[in-house]
Amino acid sequence: MIEELPLTQWQGPFDAAVKARALEALESGSVLYFPQLPFRLLESETEFLDARVADGKAKNISLDHTTGKMQASSLTGERAVRLAALMERFGSSAATLVNDLLPYQNVERARTSFRPVQVKGRSYSKISDDRLLHIDAFPTRPMHGRRILRFFANVAPSSPRHWHVGQPFEEFARRFLPQVGPHLPGKSWLYEKLGVTRGKRSLYDELMLSLHDAGKLDSDFQSNSQHQNVIFAPGSCWLVFTDQVLHAALGGEFALEQTFHLDVAQMREPARAPIRVLERLSGKALA
Ligand code: SIN
Ligand code: FE
């Protein structure tokens, strides 16, 4: 489930054998782990390793690299500008690495996030508690089958980031598909009209959200389903299709994350995409 890669550089060219191993592992649902690839902060940026840089409401500080707009930070003025610059530097480094390591064309760079609050000890509703095993699905941004690929860096000086990684996507889908309710016709239309979603949810989006919720709400699944403990050391990075790999973040502080979106057709084996697995299991076109 964890594929360790010996990269020490953020930029290619990378060894052909390493690239082939990365692609196979990623698409088959492993986490690519880069233990020797620290994302370095400038001396002047270490002041941002402080939970108070978050506004205390949202889970993460986010940056839209197309507009430069940062959200959910308590910082203002010059300090806000420097934090945004740090996030931008991380996001563009992550994009270079993803583009140089993987054969995909047109990987779309989406939001960049900074997660400065200790995961342990926060309180959430079950549905928004990412300490419970889940696959990622966006409530407000319909994906129509497109993939969610995320690159993380643990920038904490000494705390590891602790994850659980769960069973393969297909096993999870087989367990929960029979119990997710029927799709309500009209709901996705209404959500778009009300501005709840940007664009209309497809059946795929509805199903992924239902699976996300059903898994988090099932305490037997949470306690007893097969999972692996994973420790991401301080100064390491990792890359994972979070719409496919069941994951839970149990502990840690100070992570950076860059999200990418990818068309299923770009994959070497599109049949491994969640949408294709769900279409096969349900016998329906989903987007
Ligand atoms: C998540 O995607 O569920 C959280 C991952 C993390 O912040 O480590
Ligand atoms: Fe997640």
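As the structure is a prediction and not an experimental result, all values here were calculated from the model.

*Asks:* Requested: an account of the site of ligand 1, with residues and values cited.
*Replies:* Taken together, the neighbourhood of ligand 1 is formed by R115, D130, H134, D136, F152, R161, W163, H247 and A249. Contact between ligand 1 and R161: an oxygen atom at 2.6 Å from a side-chain N or O atom of the residue. In the model, an oxygen atom of ligand 1 is placed 3.2 Å from a nitrogen or oxygen of the H247 side chain. Judged by its atoms lying within 2 Å of the grid points, ligand 1 is housed in the largest pocket. Breaking the shell around ligand 1 down by element, the ones donating at least two residues are β7 (161-166) and β10 (247-251). Class assignment of the residues belonging to the shell around ligand 1 gives a composition of three nonpolar, two polar and four charged.

*Asks:* Outline the packing of helix α3 (residues 169-176) against helix α5 (residues 203-217), supporting the account with residue identities and numerical values.
*Replies:* Their axes nearest at 10 Å, the elements α3 and α5 cross at an angle of 85°. Here α3 is positioned roughly perpendicular relative to α5, judged by the angle of their axes. Residues F169, F172 and F176 of α3 pack against M208, L211, A214 and G215 of α5. Residue classes in the contact of α3 with α5 are distributed as six nonpolar, one polar and no charged.

*Asks:* Quick one: what's the story with the coordination of the iron ion (ligand 2), residue by residue and with numbers?
*Replies:* Note on the iron ion (ligand 2): its protein donors are H134 (NE2), D136 (OD) and H247 (NE2). The metal-donor distances range over 2.1 Å. Sequence spacing of the donors to the iron ion (ligand 2): H-x1-D-x110-H. Its relative accessible area of 2% is what places H134 among the buried residues.

*Asks:* Please provide a residue-by-residue account of the sheet that holds β10, values included.
*Replies:* Strand-to-strand pairing in sheets goes through backbone hydrogen bonds, with the strands running parallel or antiparallel. Taking strand neighbours across the sheet as the criterion, the three strands line up as β8-β7-β10 in an open arrangement whose pairing is antiparallel. At either end of the open sheet lies a strand with only one pairing partner, and these are β8 (227-232) and β10. Taking each pair of neighbouring strands and ignoring which way they run, the sheet shows an average axis angle of 25°.

*Asks:* An account of the pattern of salt bridges is needed here, citing residue identities and associated values.
*Replies:* With the rule as written, the count across this model stands at 28 salt bridges. The partner of E88 in a salt bridge is R109, with the nearest N and O atoms 3.0 Å apart. In this pair, E88 sits in helix α2 (residues 77-101) while R109 sits in strand β5 (residues 108-115), placing the two residues 21 residues apart along the sequence. Exposure remark for R109: the relative accessible area of 15% places this residue in the buried category. Residue R175 is joined to D218 by a salt bridge in which the shortest nitrogen-to-oxygen separation is 3.6 Å. Of this pair, R175 sits in helix α3 while D218 sits in the loop between α5 and α6 (219-224), and the two are 43 residues apart along the sequence.

Cut-off values and rules
Residues numbered from 1 in each chain as written. Chains lettered and ligands numbered in written order. Predicted model: local features only at pLDDT ≥ 70, side-chain atom pairs only at ≥ 80, totals over all residues. Heavy atoms only, no water. Near = heavy atom within 4 Å. Polar contact = N/O pair within 3.5 Å; in protein donor to acceptor, adjacent residues only side chain to side chain. 1 Å grid on protein atoms, 1.4 Å probe; cavity = no way out; pocket = protein on both sides within 12 Å on 5 of 7 lines; lining within 4 Å. Sits in = over half its atoms within 2 Å of the grid points. Helix = DSSP H or I, 4+ residues; strand = E, 2+ residues; numbered from the N terminus. Nonpolar A, V, L, I, M, F, W, Y, C, P; charged D, E, K, R; others polar. Axes fitted to C-alpha atoms, helices over the stretch in contact; angles between N-to-C directions. Parallel < 35°, antiparallel > 145°, perpendicular 65-115°, else oblique. Contact = heavy atoms within 4.5 Å. Donors = N, O, S within 2.8 Å, 3.2 Å for Na, K, Ca; no water. Buried < 20%, exposed > 50% of the residue type's maximum accessible area, 1.4 Å probe, protein only. Pairing = 2+ DSSP bridges. Salt bridge = Lys/Arg side-chain N within 4 Å of Asp/Glu carboxyl O.

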